[in-house]
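Coordinate inspection notes
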Amino acid sequence: LLAELTGGSAADALREDFIVVAPHITGGQYHDHPEVIDGLLDRVLEHTSSDASRVHLTGACLGGHGSWGLVRTLRGRFASVAPLGADPEDLDGELDSLEGVSVWIGHNGRDTSYPLEHVDELAGEIEVALRAEFLRGDVGDLSVCDVDGEEWIFTSDPRGEHDAWSAVYASDAFYGWLHGQVHCR
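The paragraphs below set out a description of the structure included in this document. (Residues numbered from 1 in each chain as written. Predicted model: local features only at pLDDT ≥ 70, side-chain atom pairs only at ≥ 80, totals over all residues. Heavy atoms only, no water.)

Focus on the sheet that holds strand E2 (residues 80-84)
Taken together, the 5 strands give an open sheet; going across it, the order is E1-E2-E3-E5-E4, and neighbouring strands pair in parallel fashion. Edge positions in the sheet fall to strand E1 (56-60) and strand E4 (135-137), since each has one partner strand and no second. The sheet shows a mean angle of 5 degrees between the axes of neighbouring strands, direction not considered. For E2 and strand E3 (residues 102-106), the ladder comprises 3 bridges, and the chain directions are parallel. Of the residues in E3, the one forming a bridge with Val 81 is Val 103. (Pairing = 2+ DSSP bridges. Helix = DSSP H or I, 4+ residues; strand = E, 2+ residues; numbered from the N terminus. Axes fitted to C-alpha atoms, helices over the stretch in contact; angles between N-to-C directions.)

So this is what it looks like as structure tokens:
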């Protein structure tokens, strides 16, 4: 599926440079049992040549919702978080949980599941609380060079509906950005 979405280039980078851990829940929320996710990540790090300072968190729709909750409950674990098409309510206003974590928000203008206004409001609150400034734009207009050195990205297609993830996950800029994010413990 990823190869179909990305046309191969980002998928090739993903296969070569990333290990993907994709837990799935059948009920509740991803952050209901953070110790399970934490233990899973510990096991992956223990049994692979992965770099613990480059653990990234992303999810689409409900998974993005869970990303906000997990970055809050597993503080200090992630180099970056990229919730896509997601309601940020599980961050519970704890913006300090984003301290030292790079953020890529993807949310579209015509999303009727979670209105853009709520996510845009949160981005503004993050900018004030953490003295951050989001690079804003359409993911299709961003290159790897555009996002190089950026910690805060907010991509949105004003015509796009709920699916904000396909364009982000197909973007070489996204994978280039992930490569640049390191969590210093």
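Quick word on the packing of aromatic side chains
Taken as a whole, this structure holds 8 aromatic pairs when the rule is applied. Taking 5.6 Å as the distance between ring centres and 75 degrees as the angle between the ring planes, the aromatic pair formed by Phe 134 and Trp 152 counts as edge-to-face. Placement of the pair is Phe 134 in the loop between helix H5 (116-130) and E4 and Trp 152 in strand E5 (residues 152-155), with a sequence separation of 18 residues. The pair Phe 134 / Trp 152 is uniform in exposure class, with both members buried. Each ring, one from Phe 134 and one from Phe 154, has its centre 6.3 Å from the other, and the planes form 80 degrees; the classification is edge-to-face. (Phe/Tyr/Trp six-rings, centres within 6.5 Å; stacked < 30°, edge-to-face > 60°. Buried < 20%, exposed > 50% of the residue type's maximum accessible area, 1.4 Å probe, protein only.)

Here we look at the pattern of salt bridges
Summed over all chains, the structure comprises 11 salt bridges. In this structure, Arg 136 and Glu 127 form a salt bridge, with 3.5 Å as the shortest nitrogen-oxygen distance. One network of salt bridges, with partners in common, ties together Arg 72, Arg 75, Asp 92, Glu 94 and Asp 96. (Salt bridge = Lys/Arg side-chain N within 4 Å of Asp/Glu carboxyl O.)

Some details on the side chain of Ser 102
Mapped onto the elements of the fold, Ser 102 is located in strand E3. Within the local environment of Ser 102, its side chain forms a polar contact with the side chain of Gln 181, the two groups lying 2.4 Å apart. Apart from the residues lying within four places of it in its own chain, the contact partners of Ser 102 are Ala 79, Ser 80, Val 81, Glu 151, Trp 177 and Gln 181. (Polar contact = N/O pair within 3.5 Å; in protein donor to acceptor, adjacent residues only side chain to side chain. Contact = heavy atoms within 4.5 Å.)

Remarks on helix H3 (residues 34-47)
An α-helix turns once every 3.6 residues. As a result, residues three or four positions apart point the same way. The end-to-end C-alpha separation of H3 is 20 Å, in line with the 20 Å expected for 14 residues at 1.5 Å each. Taken together, the buried positions of H3 are occupied by Pro 34, Ile 37, Leu 41 and Leu 45. In a view along the axis of H3, the buried residues occupy a sector of 70 degrees, so they form one face of it. Facing away from the buried side of H3 by over 90 degrees, the exposed positions are Val 36, Arg 43, Glu 46 and His 47. Buried residues belonging to H3 abut helix H4 (62-73). (Expected span 1.5 Å × (residues − 1). Arc of directions from axis to C-beta.)

Here's the deal with the nonpolar core
Of all hydrophobic cores here, the largest spans 29 residues; its most connected members are Trp 68, Val 71, Leu 98, Val 103, Ile 105, Ile 126 and Phe 134. Of all the secondary structure elements, the ones that give two or more residues to this core are H3, H4, E3, H5 and E5. Apart from the residues within four sequence positions on either side, Trp 68 is in contact with Pro 83, Ala 86, Asp 87, Pro 88, Asp 90, Leu 91, Leu 98, Val 103, Ile 105, Leu 122 and Ile 126. (Core = buried A, V, L, I, M, F, W, Y, C linked by side-chain atoms within 4.5 Å.)

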